[in-house]
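# Chain and residue survey
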Amino acid sequence: MTVIELTKNDVFTAPRDGANESLWQSKLHAGTESPSYNESTVYDTLIVGGGITGLTAAVLLQQQGQKCLLVDAHNLGYGTTGGTTAHINTFADTTYAEVENDFGAEAAQQFADDIAGAVSTIQDWVQTYKIDCDFERKQGFVYADEEKQLKELDSLFQSAVKVGVKARLAPQAPVPVPTVKVITIDDQAQFHPLKYLMGLREVFVKAGGVILENTRIEQTTQKDGYHEAESEGRILKARQIIYATHIPPGGVNPLHFEAAPYRSYVLAVTLKDKAYPDALVYDMQDPYHYFRSHVVEGQKYLVVGGADHKTGHGDPEASFAELEAYVRQYYEVDSVAYRWSAQYYMPVDGLPYIGKLPGFSEGIFTGTGYNGNGMILGTLAGKILSDLVLGKENPSASLYDPGRVKPLAAASEFIKENADVAYRFVADRFSTEELDSLDQLQNDCGMVAEFSGEKVAVYKDPSGDIHAVSPVCTHTHCIVNWNNSEKSWDCPCHGARFDTDGTVLTGPARRNLEPVDLKGKA
Ligand SMILES: Cc1cc2nc3c(=O)[nH]c(=O)nc-3n(C[C@H](O)[C@H](O)[C@H](O)COP(=O)(O)OP(=O)(O)OC[C@H]3O[C@@H](n4cnc5c(N)ncnc54)[C@H](O)[C@@H]3O)c2cc1C
């Protein structure tokens, strides 16, 4: 393996799929220029999506002699990797007890070994390539703050110990929250996710990998021995394709019903009393809160997350308010420096989907359904997907195969959360909201309204000009909702998100919302 020393270049701020800036987006180093894309080349692998999954797979494949092309519809880090909180844990949202219950003890052990392996990969790469991304090992703490959470905490604890996670009871957690019981877990870690991503970019580019940003893949066609991928009339060619798009795009794919989109909220606050926790800390509430600290440009921040809800449901402003009230209840907050939200995908049976993309031709792969654990599971996906592309045996591949038969026992929570999807398919086609006057709408806000007998998604920009698009999601035709916090149109069915002008921000939709000419309709 060639070891590549990283260099620093120009500083920039990476855009992401929301209006709120995350703690990670600014002061990144652009790095070495990508080799030029050659349109006549049939690349070995086309990696679609420049988040942690795509970059990890790209590095592994390019290092093993492949000629890779990595494309992103926007820029590297535009997706959830730019809005994550970057805890690197050796336990996951789906507990080892749940995996043992639904998939068996061997599977729970495999899951634990895979997670530990992914943490080691990240640490090894940071050291080998000298990636300056604030990687630090930390102690983890999980606590119950109510008696009713004890059973679940005990189950989490015992099942973690059983698969070799170094967990034990602790007298207290390093947060000012009254606790009932606390466990502590060794060997956790954290990093700056976009600095890590830029480090992987550098390794990939220096090994000869080609990157094309602002290149959305609209569709792919199987040819004799390779695939053609279309992007705005341009045809890219590759023998195999990895959709590292967080959720695979396309019409209606089985994975769109097996991985449900959720939004999670984050605050990065400064404290008056400097009581920043030097650990990764989680409570057992539902949805749970999580804490850690990070220094960015010399300023320390307490990073607090939580208040999750299904995408297109809930009120983003209420979620931010709830999270802020929660943190202010326990900390002397000096200022709320950053607040943002981002999207994750909850898998129906608790395990991620990594492997051949169902419903697509041979040689097309994906990774999705990471819950809030994509730093490790995206890294794991990169490893499994690169092995599958290279035709190598991977002992974990069958456990995460997207074509697996899911255990029904685990699906009850998911079904409860998604019962409204079927309802919305019907209800969205009948119930309408009256828009008496566009004057009602505040500047920089949007709403779905009835206009001349048809629904329109109306956005009034900061200077008061009206922009209208069709509210019908181009994926499965549900009606989008306005997300006033991230200034986007969010689909409540499968989580597609669109900019104020209807441009796709987040799949699975591949086409923009149709523009509507209000004057022509009036
Ligand atoms: C608020 C929040 C906090 C989280 N905290 C943690 C945490 O502490 N620890 C942890 O392990 N995980 C965490 N997660 C989960 C983790 O961040 C994600 O699972 C992970 O970032 C997903 O990475 P990805 O590379 O698969 O996708 P993304 O980072 O979303 O990247 C996908 C990329 O694909 C591109 N794309 C999409 N469609 C196309 C197309 N058609 N053509 C070309 N490009 C396309 C997008 O532009 C995007 O850049 C958190 C998630 C949220 C929402």
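Use the structure listed above.
Quick summary incoming for the structure in this document.

Quick notes on the rules
- Residues numbered from 1 in each chain as written.
- Predicted model: local features only at pLDDT ≥ 70, side-chain atom pairs only at ≥ 80, totals over all residues.
- Heavy atoms only, no water.
- Helix = DSSP H or I, 4+ residues; strand = E, 2+ residues; numbered from the N terminus.
- Buried < 20%, exposed > 50% of the residue type's maximum accessible area, 1.4 Å probe, protein only.
- Contact = heavy atoms within 4.5 Å.
- Salt bridge = Lys/Arg side-chain N within 4 Å of Asp/Glu carboxyl O.
- Expected span 1.5 Å × (residues − 1).
- Near = heavy atom within 4 Å.
- Polar contact = N/O pair within 3.5 Å; in protein donor to acceptor, adjacent residues only side chain to side chain.
- Areas by Shrake-Rupley, 256 points an atom, 1.4 Å probe, with all protein chains shown as cover.
- Nonpolar A, V, L, I, M, F, W, Y, C, P; charged D, E, K, R; others polar.

### Concerning the environment of V295
Examined against the element boundaries, V295 turns out to sit in strand β15 (residues 290-296). In this structure V295 comes out as partly exposed when scored by relative accessible area, which is 42%. Separated by 272 residues in sequence, V295 and L23 have C-alpha atoms that sit 9.8 Å apart. Those residues within four positions of V295 in sequence are excluded, and the remaining contacts are D134 and K300.

### A closer look at the pattern of salt bridges
Taken as a whole, this structure holds 19 salt bridges when the rule is applied. Notably, a salt bridge pairs R16 with E486, separated by 3.2 Å at the nearest N-O pair. In this pair, R16 is assigned in the loop between β1 (11-12) and β2 (28-29) and E486 in the loop between β23 (481-483) and β24 (488-490), connecting sequence segments 470 residues apart. Just as R16 is buried, E486 falls in that class too. Residues D349 and R404 are paired through a salt bridge, measuring 2.8 Å at the closest nitrogen-oxygen approach. Taken as a pair, D349 in the loop between β17 (333-347) and β18 (353-356) and R404 in the loop between α8 (374-389) and α9 (412-427) lie far apart in primary sequence, 55 residues in all. Given a relative accessible area of 3%, D349 falls into the buried group. Via salt bridges that share partners, R16, D17, E486, D490 and R497 belong to a single interconnected network.

### Focus on helix α3 (residues 105-128)
Helix length check: α3 (24 residues) gives 34 Å between terminal C-alpha atoms against 34 Å at 1.5 Å per residue, within 8%. At its buried positions, α3 is contacted by α1 (52-63), β5 (87-88), α2 (96-103), β6 (136-144), α5 (193-206) and α8. Just past α3, the residue K130 takes up positive phi, approximately 50 degrees.

### A short note on the site of the ligand
If you check the shell around the ligand, you find 38 residues, and the closest are T53, D72, T81, H87 and M375. At a separation of 2.8 Å, an oxygen atom of the ligand approaches a polar side-chain atom of T53. One of the backbone N or O atoms of M375 is found 2.7 Å from an oxygen atom in the ligand. Bound to the protein, the ligand loses 97% of the 1,000 Å² it would expose on its own. The residue inventory of the shell around the ligand, partitioned by class, reads 14 nonpolar, 22 polar and 2 charged.

### Brief notes about the environment of T506
With respect to the helices, strands and loops of the structure, T506 is situated in strand β26 (residues 504-506). Here the alpha-carbon distance between T506 and P249, two residues 257 residues apart in the chain, equals 9.3 Å. Ignoring sequence-local partners within four residues, the contact set of T506 consists of D17, Q343, Y345, G495, A496 and R497.

Geometry only, nothing functional implied.
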